[in-house]
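One letter stands for each residue in the lines below.
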Amino acid sequence: MPALVNYGGDDDFYSGGSFYTNSADLGRLCSISSQVDVYCPPSKRARISAQFIFGETDVEQNKQPSIHVLPDECLVEIFKRVHGGRERSSCACVSKHWLMLLTSIRKGEYESSKTVKENIESSSDDIEMFSSEEEYGYLTRRLEGKKATDMRLAAVAIGTSGHGGLGKLSIRGSTSSRGVANFGLFAVSRCCPSLKLLSLWNVPHVGDEGLSEIAKECHLLEKLDLFQCPLVSNKGLIAIAENCPNLNALSIESCPKIGNEGLQAIGKLCPKLQSVSIKDCPLVGDYGVSSLLSSASSILSKVKLQGLSITDFSLAVMGHYGKSVTNLMLGGLQNVSEKGFWVMGNALGLQRLISLTIASCLGVTDVSLEAIGKGCKNLKQMCLRRCYFVSGDGLVVFAKSAGSLECLQLEECNRVTQSGIIGVLSNCGLKSLTLVKCMGIKDISLGVPLSSPCNSLKFLSIRNCPGFGTVSLAMVGKLCPQLQHMDLSGLCGITDAGLLPLLQNCEAGLVKVNLSGCLNLTDEILVSLIRLHGATLKLLNLDGCRRITDASLVAVADNCVFLNDLDVSRCAITDVGVAALSHAEQLNLQVLSFSGCSGVSNKSLTFLEKLGKTLVGLNLQHCNSISTQTIELLVESLWRCDILF
């Protein structure tokens, strides 16, 4: 560098005076400083109101600093000899031009990388350890919204290249004109060849060129997630398939240019693929899905297909070749009929299937559901959403066929009745049952004796099913004596009399109870609940139970030993209830919510401070009787607790 600026002095600090012996040298400095951005430490301001010319010639006036007249090729060679990520980051901060030049250099082209490689080959355990850390990408970066730009992404790539490189990169919502485009991915590919996970969401300016560059340089890529990438087509996906043999997870959603050819290439060239998710891609059809599933080397274990124009053929292929599939999700397949699901079950290829979710598929009927139950002998988890042609009788037949079924979840299956639910509980060893918005359930007495109880059921969740009332709860209580987790949120029709038999029949002791939105429950049933299960209760949610008062909190304070999560939001709680909780010696609450309790006021400050010794979360939102000053005092004293206000 001294040769470049023709500097011939010694290296000692200059004690004072001027560096320049004549006015021409001083004028040359002024001409340089007007064209180069240089950082200087604070000093006395110079009051200069006009340009001074010291008599230099026109040639001297127009002369550029030597570093700027160097061609890009020379600058690149200089940058290759810059050691360390910090120094490269400093160079990248000089100008956009330097930043772009630095991103054009591959990580292996730096002289420091070559030196380390040579030293490794000659030995030295310490250098080997350092090198392995440099080459392994373990850093994670996520750019969102306005921060997701090419320049920022390039700077991140340069900055992380000296610290092992990026291992995971996520870009979210780059919609502006300055958003991430192909150049940003070019920079990442050259500086971070160790990249293993790439997630691109809503990036309209990224196309096949950027993705192909990632494929060309980042051969260790294992996971690719594309969401709303309108410019990415089969070409980019084929490049990934050809250059990234370690790819094991692929997720594509709302990419209108990706079709069958890209999926075919993935199926043939990615032997380690274990998880694939394809949603709302109009060009994807039977050819692409079947090619992916029928690949001879396929070890797919997780498959998710939603909103595609596939037909019965794809499900038939799934039934024959999905021998490694353990998790399957099918949603919005409008062109698949009852025959497709029937063949999928009867093909007997899904022997390892453990979890199956089907949503908004008109082809799911009682007949096809029975075939699935018989063909998937190891099925343990079943979820049906908006399957309007599945009845209660069909559900009972399915439960009998699927002998290994442990978890059943039904959402908006309006043909399922009360008798169907009772039949399922009586005929299989369920451990968990969830019902959400099943409008076909009516609270009627069956008039027939109940069969043997379902002692295996531990978790029961019935949410927003208005027909599920007193009679239904009583029958469930008799059938399920070993319940430990109960969620009855949104059941406005249940009363104290209807809930009491269920509580009395729970022999194992309830651990988690959610009664939010049960408007008709009173202190009487809460006192019974705590008396019967206070010794085992850990979570109690009473959000919106407006008839619950301080009497319930007194019972909680006296009987609950292990309770750590209590929610009495929008209940008739006052300062008296808060005081009762604070005086309980055995209580060890960690999460407490009084949101919307207008009866809790500033008088509860000392009680809340006492409770706060064990709290990690406190919700005081919409407590209009608590002043801002009180909140500030709480925040100051309970500095370990996360307070919402």
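Computed from a predicted model, the values in this text were never measured in an experiment. Every chain begins its residue count from 1, and numbering advances along the sequence as written. Owing to the predicted nature of the model, reporting of local features is limited to residues with pLDDT of at least 70; listing and counting of side-chain atom pairs is limited to 80 or more, with chain, interface and lining totals taken over all residues. Note that the side-chain values use all heavy atoms of the structure and ignore hydrogens as well as water.

Novice: Just to check I follow, could you spell out the overall build of the protein for this structure?
Specialist: Of regular secondary structure, the protein possesses 27 helices and 20 strands. For every residue, the accessible area obtained with a 1.4 Å probe (protein chains only) is divided by the maximum for its type, and the residue is called buried under 20%, exposed over 50%, and partly exposed between those limits. Looking at the 645 residues of the protein, the share that counts as buried comes to 48%. Strands are runs of DSSP state E lasting at least 2 residues, helices are runs of H or I lasting at least 4, and numbering of each runs from the N terminus.

Novice: I'm lost on a nonpolar patch on the surface in this one. Help?
Specialist: Two joining distances apply to patches: 9 Å for like charges and 5 Å for nonpolar side chains (Val, Leu, Ile, Met, Phe, Trp, Tyr), and every residue must have over 30% relative accessible area and no salt bridge. Working definition of accessibility: Shrake-Rupley area with a 1.4 Å probe, residue cover restricted to the visible protein chains. Each salt bridge in this description consists of a side-chain nitrogen of Lys or Arg and a carboxyl oxygen of Asp or Glu lying within 4 Å of one another. Judged by side-chain polarity, Leu362, Tyr388 and Phe389 come together as a nonpolar surface patch covering roughly 290 Å² of accessible area. Structurally, Phe389 can be placed in the loop between strand 10 (381-385) and helix 19 (392-401).

Novice: Sorry if this is basic, but what is going on with the pairing of strand 2 (residues 166-172) here?
Specialist: Strand residues, when the strand is regular, have side chains that alternate between the two faces of the sheet. By the criterion of burial, strand 2 is predominantly enclosed, with six of the seven residues buried. With six bridges joining them, strand 1 (residues 139-144) and strand 2 adopt parallel strand pairing. Following the sheet pairing, Glu144 is matched in strand 2 by Arg172. Strand pairing is assigned whenever DSSP detects at least two bridges linking the two strands. Judged from the five bridges that link them, strand 2 and strand 3 (residues 197-201) form a sheet pairing that is parallel. Within strand 3, the position partnered with Lys168 by the bridge is Leu197.

Novice: Could you clarify how one ought to interpret the packing of helix 19 against helix 20 (residues 418-427) in this entry?
Specialist: In a pair of packed helices, the angle between the axes and the distance between the axes together describe the arrangement. Here the axes come from fitting lines to C-alpha atoms, over the contacting stretch only for helices, and the angles between their N-to-C directions go from 0 to 180 degrees. Their axes nearest at 8 Å, the elements helix 19 and helix 20 cross at an angle of 10°. Looking at the two axes, helix 19 sits roughly parallel to helix 20. Where helix 19 abuts helix 20, its residues Gly392, Leu395, Val396, Ala399 and Lys400 lie against Gly420, Gly423, Val424 and Asn427. Lys, Arg, Asp and Glu make up the charged group, whereas Ala, Val, Leu, Ile, Met, Phe, Trp, Tyr, Cys and Pro make up the nonpolar group; the residues left over, Gly among them, are polar. Split into classes, the residues belonging to the contact of helix 19 with helix 20 amount to four nonpolar, four polar and one charged. Our angle categories are set so that under 35 degrees counts as roughly parallel, over 145 as roughly antiparallel, 65 to 115 as roughly perpendicular, and the remainder as oblique. A contact between two residues is defined here by any heavy atoms of the two lying within 4.5 Å.

Novice: Got a minute to help me understand unusual backbone geometry in this structure?
Specialist: For residues that are not glycine, phi is negative in most cases, and the peptide bond is trans in most cases. Even without glycine at this site, Ser360 takes up a positive phi of about 55°. Turning to its location among the elements, Ser360 is positioned in the loop between strand 9 (355-359) and helix 18 (366-375). One non-glycine residue, Asn464, lies in positive phi territory at about 55°. Within the secondary structure, Asn464 is located in the loop between strand 13 (459-463) and helix 21 (470-479).

Novice: How should I be thinking about the pattern of salt bridges in this particular structure?
Specialist: In a structure, side chains of opposite charge can pair up when their charged atoms sit close to one another. This model, assessed by the stated rule, comprises eight salt bridges. Here Arg142 and Glu144 are joined by a salt bridge, their closest N and O atoms 2.7 Å apart. Judged by its relative accessible area of 43%, Glu144 falls in the partly exposed class. Residue Glu370 pairs with Lys374 through a salt bridge whose shortest N-O separation is 3.1 Å. Within this pair, Glu370 and its partner Lys374 are both found in helix 18, separated by four residues, close to a single helical turn.

Novice: Which parts of the structure should I look at to understand the packing of helix 15 (residues 286-293) against helix 16 (residues 312-321)?
Specialist: The geometry of helix 15 relative to helix 16 is characterised by a closest axis approach of 9 Å and an angle of 5° between their N-to-C directions. By the angle between their axes, helix 15 is roughly parallel relative to helix 16. Between helix 15, through Asp286, Val289, Ser290 and Leu293, and helix 16, the contact on the second element is made entirely by Phe313, Ser314, Val317, Met318 and Tyr321. Split into classes, the residues belonging to the contact of helix 15 with helix 16 amount to six nonpolar, two polar and one charged.

Novice: Help me out: how do you make sense of the environment of Gly373 in this one?
Specialist: Along the chain, Gly373 turns up in helix 18. Measuring from C-alpha to C-alpha, the distance between Gly373 and Phe398 comes to 5.3 Å, with 25 residues separating the pair along the chain. Aside from chain neighbours lying at most four places away, what touches Gly373 is Phe398, Ser401 and Ala402.

Novice: Got a minute to help me understand the environment of Thr160 in this structure?
Specialist: The residue Thr160 is located in helix 10 (residues 150-161) in this model. Given a relative accessible area of 4%, Thr160 falls into the buried group. Taking the C-alpha atoms as reference points, Thr160 and Leu139, 21 residues apart in sequence, are found 7.5 Å from one another. Beyond its immediate stretch of four places on either side in the chain, Thr160 contacts Leu139, Arg141, Gly165, Leu166 and Cys192.

Novice: Any chance you could explain the pairing of strand 4 (residues 223-227) here in plain terms?
Specialist: With four of five residues buried, strand 4 lies mostly within the body of the structure. By the bridge criterion, five bridges tie strand 3 to strand 4 in an arrangement that is parallel. When the bridges of strand 4 are listed, Trp201 appears paired with Phe227. When strand 4 meets strand 5 (residues 249-253), the two strands line up parallel, connected through five bridges. Note that in strand 5 the partner of Leu226 across the bridge is Ile252. With the strands aimed away from the viewer, a crossover counts as right-handed if its path from the first strand over the helix to the second runs clockwise. Considered for its hand, the β-α-β crossover made up of strand 4, helix 13 (residues 234-243) and strand 5 is right-handed.

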